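Secondary and tertiary structure notes
The lines below spell out each chain.
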Amino acid sequence: MSILDAQREMRRAFLGGFAGQLIAGVIWAASAAFTLLAAPNVGIAVLFFGSMAIFPLTQGLLRLIGRPAKVGAENGLWALGAQIAFTVPLNFLLVFAATFYRHDWFYPAAMIAVGAHYLPFVTLYGMRMFAVLGALLVGAGTALAMVGTPFLSFGGWLGAALLIAFALIGRWQVLAEERRLHHSDGA
């Protein structure tokens, strides 16, 4: 299987990362809401523990919308996806260290960790939009850490908005690609 075929299969099976990013965005929004309405530590716990549910929730949502949610055994990119997934909890050790130093750095640090984790998705899916998403998350997280935020949950809301927006962009790109392939096969 060529890298292009493997990437196309990943895009098709996971709808360009749509379900995972949508669920992550909802978890970020829930975290921001709990930070604002309950307590910062509750919001932090929601993001950390909620993120552990992203993969199984993604699998369920993909199956619900009729996507395979898996690729063939010959697709070597599956292993890359698993490796990428484990970078986030490991990087959260740094997020917690930054938060211990300055409580208001939680969301900026989390944005940097999650943004960096999206950069290899460019190769995983063959979609440049992940470089843009990664750069926006890392850049916004850095800016918020350096300049400050108007309120603690601001970074959570911003992260949620970016993740949900790019989930929709990825979905649109993959559906457009599938329509083009369908029309060229039928022509």
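These remarks concern the structure in this document. (Residues numbered from 1 in each chain as written. Predicted model: local features only at pLDDT ≥ 70, side-chain atom pairs only at ≥ 80, totals over all residues. Heavy atoms only, no water.)

**Comments concerning the overall build of the chain**
- Helix and strand content of the chain: ten helices and zero strands.
- Counting helices and strands in the order they occur from the N terminus, the chain gives α-α-α-α-α-α-α-α-α-α.
- Expected size for 187 residues packed as a compact globule is a radius of gyration near 16 Å; at 17 Å, the chain falls within 12% of this value.
- With respect to the three principal axes, the spread of C-alpha positions in the chain is 60 × 25 × 25 Å.
- In the chain, buried positions account for 42% of the 187 residues.
- Contacts spanning at least 24 positions in sequence make up 76% of the contacts within the chain whose residues lie at least 6 apart.
- Here the chain has roughly 9600 Å² of accessible surface; of this, 71% comes from carbon and sulfur atoms.
- In the chain, the 11 positive side-chain charges and the 7 negative ones have mean positions that sit 5 Å from each other. (Helix = DSSP H or I, 4+ residues; strand = E, 2+ residues; numbered from the N terminus. Rg over C-alpha atoms; globule rule 2.2 N^0.38 Å. Buried < 20%, exposed > 50% of the residue type's maximum accessible area, 1.4 Å probe, protein only. Contact = heavy atoms within 4.5 Å. Areas by Shrake-Rupley, 256 points an atom, 1.4 Å probe, with all protein chains shown as cover. Lys, Arg positive; Asp, Glu negative; His and termini not counted. Charge placed at Lys NZ, Arg CZ, Asp CG, Glu CD.)

**With respect to the environment of Thr35**
- The topology assignment puts Thr35 in helix α2 (residues 18–37).
- Separated by 117 residues in the primary sequence, Thr35 and Leu152 place their C-alpha atoms 7.6 Å from one another.
- Aside from chain neighbours lying at most four places away, what touches Thr35 is Pro40, Gly43, Ile44, Tyr107, Leu152 and Ser153.
- Looking at Thr35, its side chain comes within polar contact range of the side chain of Tyr107, at 2.8 Å. (Polar contact = N/O pair within 3.5 Å; in protein donor to acceptor, adjacent residues only side chain to side chain.)

**Some remarks on the packing of aromatic side chains**
- Under the definition given, this model contains 16 aromatic pairs.
- With 5.7 Å between their ring centres and 70 degrees between their planes, Phe92 and Phe96 make a pair best called edge-to-face. One end of the pair, Phe92, and the other, Phe96, are both in helix α6 (residues 87–101), four residues apart, so they sit about a helical turn from each other.
- Accessibility expressed as a relative area gives 3% for Phe92, which makes it buried.
- A residue is classified by how much of its surface remains accessible, and Phe96, at 32% relative accessible area, is partly exposed.
- We note Arg171 situated over the ring of Phe18; from NZ or CZ to the ring centre the distance is 5.7 Å. (Phe/Tyr/Trp six-rings, centres within 6.5 Å; stacked < 30°, edge-to-face > 60°. Lys NZ or Arg CZ within 6 Å of the ring centre and 35° of its normal.)

**Observations concerning the nonpolar core**
- Formed by 49 residues in total, the largest nonpolar core has its most connected members in Trp28, Leu47, Tyr118, Tyr125, Phe130, Leu133 and Leu137.
- The contact partners of Tyr125, leaving out residues within four places of it in the chain, are Gln7, Met10, Arg11, Phe14, Gly16, Gly17 and Phe130. (Core = buried A, V, L, I, M, F, W, Y, C linked by side-chain atoms within 4.5 Å.)

**So, the pattern of salt bridges**
- Counted by the stated rule, this structure contains four salt bridges.
- For Arg11, the salt bridge goes to Glu177, with nearest N and O atoms at 2.7 Å. Of this pair, Arg11 sits in helix α1 (residues 3–14) while Glu177 sits in helix α10 (residues 154–186); the two residues are 166 residues apart in sequence, bridging distant segments of the chain. In this pair, the class of Arg11 matches that of Glu177, namely buried.
- With its nearest N and O atoms 3.0 Å apart, the salt bridge here joins Arg102 to Asp104.
- On the basis of relative accessibility, which here comes to 34%, the residue Arg102 falls in the partly exposed class. (Salt bridge = Lys/Arg side-chain N within 4 Å of Asp/Glu carboxyl O.)

**Some thoughts on a nonpolar patch on the surface**
- The grouping of Leu36, Leu37, Phe151 and Trp157 at the surface amounts to a nonpolar patch, some 440 Å² of accessible area in total.
- Looking at the element boundaries, Trp157 is found in helix α10.
- Since its relative accessible area comes to 32%, Trp157 is described here as partly exposed. (Patch = residues over 30% accessible without salt bridge, like charges linked within 9 Å, V, L, I, M, F, W, Y side chains within 5 Å.)

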